[in-house]
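Structural characterization, general
So you can see what is in the structure, the chains are spelled out below.
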Amino acid sequence: MSNVTVIGTQWGDEGKGKIVDWLASRADIVVRFQGGHNAGHTLVVGDQTYKLSLLPSGLVRGKTGVIGNGVVVDPEALLKEIDRVTAQGLKVTPDTLKIAENAPLILPVHGALDRAREAARGERKIGTTGRGIGPAYEDKVARRAIRLCDLAEPETLDWKLDELLLHHNTLLRGLGAATFTKDELMAFLTGIAPRVLPFMAPVWDLLDDSRRAGSRILFEGAQAVMLDVDHGTYPYVTSSNTVAANAGTGSGVSPTSVGFVLGIAKAYTTRVGEGPFPSELHDEMGRTLGERGHEFGTVTGRPRRCGWFDAVLVRRAVRVGGVNGLALTKLDVLDGLKEISICVGYELDGVKTTHFPSAPAAQARIRPVFETMEGWEGTTHGARSWADLPAQAIKYVRRIEELVEAPVTMLSTSPERDDTILMRDPFED
Ligand code: IMP
């Protein structure tokens, strides 16, 4: 297998950035296949810190970056991100960045609708990033999206904007929000087109050629399985499929090109936004995990909710996500704790179960069943080999493997790139 697909197995923010960066340095091409600029990760390379939302991480390592058709592209956010990393010395050119012709665009109407709807939901808000992700995906499925290729055809933009505004202005007016005019959107799109169009490419074709030539392709997932629109904690999810199967659909390659699926799991659990979180800790321990793990959203800065590792949900993510191996991150955050718990099952209305229900009211009534282990003395921080780990920490990792029914093939023990224990090279699998 020469390709690798990386996906999150919890609710995002598992520390994918560091793992993806390490893998990107060994890949030829890095492909984003879903999500948009709701994702966010920080890459530290030398003395530079890059904050990426939409650009594939491989660009930082001088690799070709591809944004597939499954991504919703905000052209303004894209250009801002390109300008920001260019100012840091990175070269982003039409040779190094390719964006699918058929990628749907996020327009200012989408962000406005996202925020207006969240405000109208009040207490039942989803806690979206407010960046227009949901409305842009809705437009794609409703067949009224403006896609990247449309920027080259003002005559197409003309009738598509009529259709789009008929829909969105009706909704925005109903929600008491400001509406948009065709002239302002046309000016926005025609203004931005000359800078964005040079990146347009038939990426499916390029990826197929690269695959045949034996290139190593890394598919970089955003968000995580529990935020998947089908398999996550619906409706508290994002609007795309985050499972590895979507790497094919979201970039135009065959499902067999997905390769080794590396699932990223944090040694405990966090979540931003609303929605069920059975192993959440509302006590001092929750705050301790948040502080030690620096758990604040990269995109929104919101503090993340924290809890113990939920083995039931990760096992489910492993199964539906097609995970071949896990990268376990932030183990060092648990250093020095007297006791560590793992959620191994649930209780629903007094009945023990390992099935996480699909209906929201039942999800809210779920209570965790914990298994508690002794913590470890000494530190895992910065460990680079299995032998550097305290015996009790190894026991914790082994227990996780057993419960989630997947091998831990990588272990990350600090934000530093080299503080990683590699059991199996996913590109060699
Ligand atoms: P949206 O993707 O902006 O529509 O937000 C839907 C849900 O997904 C919210 O709970 C967000 O907080 C969450 N979300 C979206 N992107 C990320 C991410 O990259 N990390 C963690 N949560 C995310």
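In the annotation of an unreviewed UniProt entry, the entry for the protein reads Adenylosuccinate synthetase, and the organism field reads Gluconacetobacter entanii. The record held by UniProt for the protein lists under Subunit (unreviewed entry) the comment "Homodimer."

Domain boundaries in the protein define domain 1 (4-100 + 200-260), domain 2 (108-196) and domain 3 (266-428). The straight-line distance from the C-alpha centre of domain 1 to that of domain 3 is 24 Å. Opposite the 40 residues of domain 1 that make contact, domain 3 presents 47 residues. Here domain 1 and domain 3 share an interface that buries about 3,300 Å² over both sides, 64% of which is from carbon and sulfur atoms. Among the residues of domain 1 in contact with domain 3, Trp11, Lys18 and Phe260 are the three that bury the most area, contributing 24% of the side total. Linking domain 1 with domain 3 are four salt bridges.

Before going further, it helps to examine the nonpolar core. Counting residues in hydrophobic clusters, the biggest one holds 105 residues, and the most contacted among them are Leu97, Phe309, Leu334 and Tyr396. Those residues within four positions of Leu334 in sequence are excluded, and the remaining contacts are Ala267, Tyr268, Leu289, Arg292, Trp308, Ile340, Trp376 and Tyr396. Counting residues in each nonpolar core, the second largest holds 16 residues, with Ile19, Ala24, Phe260 and Ala327 among its members.

Now for the packing of helix α3 (residues 108-121) against helix α4 (residues 133-141). Two elements in contact, α3 and α4, have axes separated by 7 Å at closest approach and are oriented at 115°. For the crossing formed where α3 meets α4, the hand is right-handed. Here α3 contributes His110, Leu113, Asp114 and Arg117 to the contact with α4, which in turn contributes Ile133, Pro135, Ala136, Glu138 and Asp139. Grouping the amino acids of the contact of α3 with α4 by side-chain chemistry returns four nonpolar, one polar and four charged.

The next thing to look at is the site of the ligand. With respect to spatial proximity, 15 residues lie near the ligand, and among them Asp13, Asn38, Thr129, Thr238 and Arg302 are the closest. A distance of 2.9 Å is found between an oxygen atom of the ligand and a side-chain nitrogen or oxygen belonging to Asn38. Contact distances for the ligand include 3.3 Å between an oxygen atom and a backbone N or O atom of Gly127. Contact with the protein chains covers 96% of the free accessible surface of the ligand, which is 470 Å².

Quick look at the sheet that holds strand β1 (residues 4-8) now. In space, the 10 strands of this open sheet follow the order β7-β6-β5-β2-β8-β1-β9-β13-β17-β18, with mixed pairing throughout. One side of each edge strand has no neighbouring strand; the edge strands of this open sheet are β7 (200-201) and β18 (420-422).

Another aspect to go through is the pairing of β1. Counting buried residues in β1 gives five out of five residues, a clear majority hidden from the surface. Alternating positions in β1 separate into two faces, Val4, Val6 and Gly8 on one and Thr5 and Ile7 on the other, with burial throughout. One ladder, built from five bridges, connects β1 with strand β9 (residues 260-266); its direction is parallel. Across the sheet, residue Val6 finds its bridge partner in β9, namely Leu262. Bridging between β1 and strand β8 (residues 217-220) involves three bridges; their strand directions are parallel. Its bridge partner being in β8, Val6 is matched across the sheet by Glu220.

Criteria and cut-off values
Residues numbered from 1 in each chain as written. Predicted model: local features only at pLDDT ≥ 70, side-chain atom pairs only at ≥ 80, totals over all residues. Heavy atoms only, no water. UniProt positions renumbered as here; feature names shortened; annotations may be inferred. Domains from an automatic or database assignment. Contact = heavy atoms within 4.5 Å. Buried area = accessible area lost by both parts, 1.4 Å probe. Salt bridge = Lys/Arg side-chain N within 4 Å of Asp/Glu carboxyl O. Core = buried A, V, L, I, M, F, W, Y, C linked by side-chain atoms within 4.5 Å. Buried < 20%, exposed > 50% of the residue type's maximum accessible area, 1.4 Å probe, protein only. Axes fitted to C-alpha atoms, helices over the stretch in contact; angles between N-to-C directions. Helix = DSSP H or I, 4+ residues; strand = E, 2+ residues; numbered from the N terminus. Left-handed = near helix turned anticlockwise from the far one by under 90°. Nonpolar A, V, L, I, M, F, W, Y, C, P; charged D, E, K, R; others polar. Near = heavy atom within 4 Å. Polar contact = N/O pair within 3.5 Å; in protein donor to acceptor, adjacent residues only side chain to side chain. Areas by Shrake-Rupley, 256 points an atom, 1.4 Å probe, with all protein chains shown as cover. Pairing = 2+ DSSP bridges.

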